[in-house]
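Close look at the chain arrangement
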Amino acid sequence: MQVCVLGSGSSGNSTVVKIGPRSVLIDAGFGPRAVARRLEGTGVTLNDIDAVLLTHLDRDHFNPSWFTTLLKRRINVYCHKRHERHIYRHRATTVAGADARSLHNAGLLHRFNDQPFFVQHGLGAARVRVTPVRLAHDRTGTVGFRLDAATGRLGFATDLGRVPQRMIDLFANVDV
C-alpha cells in the first residue's frame, strides 16, 4: 500500500492510495485535470483509480467537475448516508451535464453507513475493507476511514473538530 497526499488545504484536498495495481482516491477537491497533474511521478494515473471515498461534501473535498470523469471512467463513489443529500445538491459544471443522479443511475454512487464495507470493482485480488468512523466537523460532520488490504492498513481522517476515542481505537495498529 502506498499513500500520496496530492494536496491538503482550503483550495482542495485529495489523497491517492495505491493498493496493488489499482488505486483509491480519498476526496476529490481538485478537478480531474489538476489531480492528473498532481499524480505525475506517483506511478498512478486517472485510469488506475477505481473508487473515490468522500469524507464530506465541502467544496474543498469534492469538486463537481468530477461528475463527467467519474461517469466516463466508471469510477465508483462512496458517500456516507448523512452526506448523500449534499452530493445531489452539487451541480454539474460541464456541458455534458453529468451529476450525482447520473452516477446513481449508472450504479456508481454507493451510500454507506457506519458499518464496514468493501470497495467494488477493479481492485480484484487487492480487496479493500473500509471501516468508516464519523467525526465532528460541522452540522453533518465528516468521515474518517480505516482501509485494510493484504498490502497494508491505513487510518485517514481530515477536518477534525477533535480527536475522539473511537477514532484512536479504530486507527490502532495501522501502518500509516
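The structure under discussion appears in the preceding block.
To keep things clear, this report deals only with the structure shown in the data block. Throughout, residues of each chain are indexed from 1 in the direction in which the sequence is written. Thresholds applied to this predicted model are a pLDDT of at least 70 for local features of residues and 80 or more for the giving and counting of side-chain atom pairs; totals over whole chains, interfaces and linings are not thresholded and use all residues. Side-chain figures throughout are based on the complete set of non-hydrogen atoms in the structure, without hydrogens or water.

**Let's talk about the overall build of the protein chain**
Applicable threshold: Here a helix means four or more residues in a row that DSSP labels H or I, a strand means two or more in a row labelled E, and each is numbered from the N terminus. In this description the radius of gyration comes from C-alpha coordinates, and the expected globular size is given by 2.2 Å times residues to the power 0.38. When a residue's accessible area, from a 1.4 Å probe over protein chains only, is under 20% of the maximum for its type it is buried; when over 50% it is exposed; and in between it is partly exposed. Only heavy atoms enter the contact rule, under which two residues are in contact if any of them lie within 4.5 Å. A residue counts as positive if it is Lys or Arg and as negative if it is Asp or Glu; His and the chain ends are not included. All charge positions are set by atom: Lys at NZ, Arg at CZ, Asp at CG, Glu at CD.
Scanning the protein chain from terminus to terminus reveals 5 helices and 10 strands. For the protein chain, the C-alpha radius of gyration of 15 Å lies close to 16 Å, the compact-globule estimate for 176 residues. Out of the 176 residues in the protein chain, the part that is buried amounts to 51%. Within the protein chain, residue pairs in contact and separated by at least 24 positions form 58% of the contacts whose partners lie at least 6 positions apart. A distance of 5 Å separates the average location of the 24 positive side-chain charges in the protein chain from that of its 14 negative side-chain charges.

**What to know about a nonpolar patch on the surface**
Quick note on the threshold: A patch consists of residues whose relative accessible area exceeds 30% and which take part in no salt bridge; residues with like charges are grouped when within 9 Å of each other, and nonpolar side chains (Val, Leu, Ile, Met, Phe, Trp, Tyr) when within 5 Å. Values of accessible area rely on a 1.4 Å probe in the Shrake-Rupley scheme; residue burial ignores everything except the protein chains shown. Take a side-chain nitrogen of Lys or Arg and a carboxyl oxygen of Asp or Glu: if they are within 4 Å of each other, that pair is a salt bridge.
Together, L160, V163 and I168 give the surface a local cluster of nonpolar side chains, amounting to about 240 Å² of exposed area. With respect to the helices, strands and loops of the structure, V163 is situated in the loop between strand 10 (152-156) and helix 5 (165-171).

**What about the environment of K72?**
Summarising the element assignment, K72 is placed in helix 2 (residues 66-73). For K72, a relative accessible area of 69% gives the class exposed.

**Structural notes on the sheet that holds strand 6 (residues 109-112)**
Where we set the bar: When DSSP finds at least two bridges between two strands, those strands are taken to pair. All axes here are fitted lines through C-alpha atoms, helices being fitted over the stretch that makes contact, and every angle between N-to-C directions spans 0 to 180 degrees.
Read across the sheet, 6 strands follow the order 1-2-3-4-5-6 without closing on themselves; strand pairing throughout is mixed. On the outer flanks of this sheet lie strand 1 (2-9) and strand 6, each paired with one strand and no other. Shown here is a sheet whose adjacent strand axes are inclined to one another by a mean of 20 degrees, direction ignored. Sheet topology places strand 5 (residues 76-80) next to strand 6; 4 bridges connect them, and they run parallel. For V77, the partnering residue across the bridge sits in strand 6 and is L109. Contacts from helix 1 (residues 32-39) reach strand 1, strand 2 (12-19) and strand 4 (49-53) within the one sheet, and its direction differs from that of strand 1 by about 130 degrees.

**Details of the pattern of salt bridges**
Applying the stated criterion across every chain, the model contains 6 salt bridges. Linking D114 and R134 is a salt bridge whose minimum nitrogen-to-oxygen distance equals 3.4 Å. Residue D114 is found in the loop between strand 6 and strand 7 (117-118), and its partner R134 is found in strand 8 (residues 129-135); the two are separated by 20 residues along the sequence. Here R153 makes a salt bridge to D175, at a shortest N to O gap of 3.3 Å. Here the residue R153 occupies a position in strand 10, and D175 occupies one in the segment after helix 5, the gap between them amounting to 22 residues. Assessed through its relative accessible area of 49%, D175 is described here as partly exposed. Each of R22, D48 and D50 takes part in a single network of salt bridges with overlapping partners.

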